[in-house]
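# Analysis of the macromolecular model
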There are 2 protein chains.
Amino acid sequence: MSTMRDVARKAGVSPMTVSRVLSAPNLVHPATRERVLTAMDEMHYVPKQVTKVSSSEVRSIALVVADFTNPFFTQIARGVEWVARRHGYGMTLHNTGEDPEREWESLIAIRETRASGVIWVPCGDTSSMSARILLDADVPTVLVDRLIPGVPSFDAVISDNRIGAKAIVSTLLANHRQPIVAVMGQTVTSVVRDRLLGLQDALADHHQTFDPNNVVYCDPIHPKDVLWSEIRPRVPSGGAVFAWNQIAASAVFRAAKQANVHPPEDVMIATFDNPDPYGITPGFFVVAQQDPYKMGTESANLLLRRLNQPNDPLKSTLILPVSVHVGSQSESPRSIVLEPS
Amino acid sequence: MSTMRDVARKAGVSPMTVSRVLSAPNLVHPATRERVLTAMDEMHYVPKQVTKVSSSEVRSIALVVADFTNPFFTQIARGVEWVARRHGYGMTLHNTGEDPEREWESLIAIRETRASGVIWVPCGDTSSMSARILLDADVPTVLVDRLIPGVPSFDAVISDNRIGAKAIVSTLLANHRQPIVAVMGQTVTSVVRDRLLGLQDALADHHQTFDPNNVVYCDPIHPKDVLWSEIRPRVPSGGAVFAWNQIAASAVFRAAKQANVHPPEDVMIATFDNPDPYGITPGFFVVAQQDPYKMGTESANLLLRRLNQPNDPLKSTLILPVSVHVGSQSESPRSIVLEPS
DNA sequence: GTGAAAGCGCTAACAG
DNA sequence: CTGTTAGCGCTTTCAC
């Protein structure tokens, strides 16, 4: 692989001139520049920009998500990418698979990559260990979707999960759908915590008590069909299931159908995020819609702000509203107006 | 940000010893090692591994896809990641959005990253320009899903698109579903070309001629609803639509429903890739199933092989079989056995 | 406009 | 086991 020296020799100039052709072309005589450029072409010269360790970094943002198989996270990615591109940054996507160990490895790798900054969906509360990697190396970081308790040192963008969950459950209760079984991811995250709090809020409003037995925990990435055997005994006809995300909701839906239980009459399925973006499936009647794309753009904006003002001590947490839609997706849905928390 | 020298000074050793603690710890006296390690901790030392330009590279594979919003590609990503991890490699995902310009930029960025190798879903035939980036820099590369005509220099893993398309169309014809309108991505790719060839093969088998007017081209990422106005005039009741992928199929499905056309009676929708992984939607009756996860693992395997034998002149193209399923997803589908091409 | 010298952070190669 | 020297590919500084 040819180096700057090689090009310089071929063009009959010093390595310095070659360097300048790359970084400050207008300081080089046009004729010389041409000679250098053709030399580069002929030798297939590839600058190893990485070496300029001391100088400018790589203008690139690393986005670390829990599961890039989940459309929710790829929508966030689209948002981040869009803003990044507009500001001349590239973006790389990294998957942790909800696994703290992979998360650790990814962050180490990213740190060595010298990315300009990181936008991060942490696996869960245990991610406070991995947070040290970023904190110690002073990597500008923004959390999305989930917070890490005890680590207030990052900017963050999340949804108003508590209010969203409360609205969902209130709607179910108002429609006399009971009992309500909640299906949550078994990872300990702020998202699950907040949605359970919202559930309790709604129950409390209706003077009902919260029964922990009515919460079923599932694998956050592959909920499988296993679920139904756990859910069924708790949901007689006329009840409802509150799924924490679109993957779980779809799994519940399929499991129900296989068990010959038909939503929405037999059981009403409510969920965060629309599991049916094409509106081709009847049966989902209460959906709390986040705006993952916006979560992406906003977190990228926060990161860019921090890249420009690295020493601003003020950390901000942006809480985006959730909109709740009632009615079959094929009909035009009615929306519920929510008071911000 | 502290450097090796700083750590060395603090620990009272030479920079070399610090370096060794990182790369060959057992060559350093345990006591010294401890001192160095604590010094590192205290100073929050972060090694800039990137600098070792001349020595070992970053053990990481870059996967470049056309649209990470499409589950098909994230399944490929899962496959790649799995194999990469097993061999001690990291993986980064890069999105081109089917845009040759973004593709160009991504590949440049990746090249400077000094990734060990690249697995790449090229945007289309125009990607031959971008291919030069990789070829000139001698980056080990494997193509997935799509080939680039005129660039035989890469290993590749693709599906048997022609046979799959032929099987789909033959099935439709056997069920007397006509006319058949094909909905294809408007990007010029080997995938679309091969699937159209398969369509023609099937028609020829039934002594029918291929009418280019019966092909509708749509945006490969956001097919929108616009489609239906183009499709409708060409598909009277009893006809069929052959969608080139799951995104297009879902769009067609929704458009049909909005126009009060009901699959599968009014129109039969056949497609590559199951647009309904949860089996909750009735109406898709012929589905050509690729194995994106396997495409990922196989391409990663090819890449690893090449990383170990960089000079093997033999390039291989792996063509994976496609399985065609007939019948509603909610019923147990019958499979058709296909002869490999 | 151009070049020579010095140095970025780190690691092979050779002493000791 | 540890340190010295030299050099990776490139850029900054300061000459000319």
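Cut-off values and rules
- Residues numbered from 1 in each chain as written.
- Chains lettered and ligands numbered in written order.
- Predicted model: local features only at pLDDT ≥ 70, side-chain atom pairs only at ≥ 80, totals over all residues.
- Heavy atoms only, no water.
- Helix = DSSP H or I, 4+ residues; strand = E, 2+ residues; numbered from the N terminus.
- Buried < 20%, exposed > 50% of the residue type's maximum accessible area, 1.4 Å probe, protein only.
- Contact = heavy atoms within 4.5 Å.
- Lys, Arg positive; Asp, Glu negative; His and termini not counted.
- Charge placed at Lys NZ, Arg CZ, Asp CG, Glu CD.
- Salt bridge = Lys/Arg side-chain N within 4 Å of Asp/Glu carboxyl O.
- Core = buried A, V, L, I, M, F, W, Y, C linked by side-chain atoms within 4.5 Å.
- Arc of directions from axis to C-beta.
- Polar contact = N/O pair within 3.5 Å; in protein donor to acceptor, adjacent residues only side chain to side chain.
- Domains from an automatic or database assignment.
- Phe/Tyr/Trp six-rings, centres within 6.5 Å; stacked < 30°, edge-to-face > 60°.
- Lys NZ or Arg CZ within 6 Å of the ring centre and 35° of its normal.

## Overview of the overall build of chain A
A count of helical and extended segments in chain A gives 11 helices and 13 strands. With the C-alpha coordinates of chain A rotated into their principal frame, the extents come out at 85 × 40 × 35 Å. In chain A, which comprises 341 residues, the share counted as buried stands at 53%. Across chain A, every contact between residues at least 6 apart in sequence was considered, and the portion connecting residues at least 24 apart equals 70%. Separation of charge centres in chain A, based on 32 positive and 35 negative side chains, amounts to 8 Å.

## Details of the side chain of Glu98 of chain A
All names here are of chain A. On the secondary structure map, Glu98 appears in the loop between strand 2 (90-95) and helix 5 (100-113). A relative accessible area of 11% means that Glu98 is categorised as buried. Not counting residues within four places of it along the chain, the set of residues in contact with Glu98 comprises Ala66, Cys123, Arg146, Thr187, Pro220 and Ile221.

## Description of the side chain of Thr141 of chain A
Among the secondary structure elements, Thr141 of chain A is positioned in strand 4 (residues 141-144). What Thr141 of chain A contacts, discounting residues up to four positions off in sequence, is Val118, Trp120, Leu134, Phe154, Asp155 and Leu303 of chain A.

## What to know about the pattern of salt bridges
In total, this model carries 22 salt bridges over all chains according to the counting rule given. As a salt-bridge pair, Glu98 of chain A and Arg146 of chain A come within 2.9 Å of each other at their nearest N and O atoms. Of the two residues, Glu98 of chain A is situated in the loop between strand 2 and helix 5 and Arg146 of chain A in the loop between strand 4 and strand 5 (155-159); the sequence distance between them amounts to 48 residues. For Asp312 of chain B, the salt bridge identified is with Arg305 of chain B, shortest N-O distance 3.5 Å. Each of Glu98, Asp145 and Arg146 of chain A takes part in one network of salt bridges that share partners.

## What about the nonpolar core?
With 54 residues, the main nonpolar core has Leu93 and Ile119 of chain A together with Leu93 and Ile119 of chain B as its most contacted residues. Each residue touching Leu93 of chain A, except ones within four places of it in the same chain, is listed here: Leu63, Val65, Phe68 and Ala77 of chain A together with Phe68, Met91, Thr92 and Leu93 of chain B.

## Notes on helix 1 (residues 4-11) of chain B
All names here are of chain B. Turning to helix 1, its buried residues are Val7, Ala8 and Ala11. Down the axis of helix 1, the sector holding all buried residues measures 100 degrees, keeping them to one side. Away from the buried face of helix 1 by more than 90 degrees, exposed residues Arg5 and Arg9 are located. On the buried face of helix 1, the contacting elements are helix 2 (15-23) and helix 3 (30-43). The backbone nitrogen of Arg5 has a side-chain oxygen 2.9 Å away, supplied by the residue at the start of helix 1, namely Thr3. One or two positions beyond helix 1, positive phi appears at Gly12, with a value near 70 degrees.

## Some words on the domain arrangement of chain A
Frequently, the measure chosen for interface size is the accessible area that the parts lose on association. Structurally, chain A comprises domain 1 (4-43), domain 2 (60-158 + 295-320) and domain 3 (161-291 + 323-337). With centres defined by C-alpha atoms, the gap from domain 1 of chain A to domain 2 of chain A works out at 39 Å.

## Comments concerning the packing of aromatic side chains
Here the structure, examined in full by the defined rule, presents six aromatic pairs over all chains. Seen from their ring centres, Phe72 of chain B and Phe73 of chain B are 5.2 Å apart, and the 70 degrees between their planes marks the pair as edge-to-face. Like Phe73 of chain B, Phe72 of chain B is buried. The positively charged end of Arg195 of chain A is found above the aromatic ring belonging to Phe272 of chain A, 3.6 Å away from the centroid.

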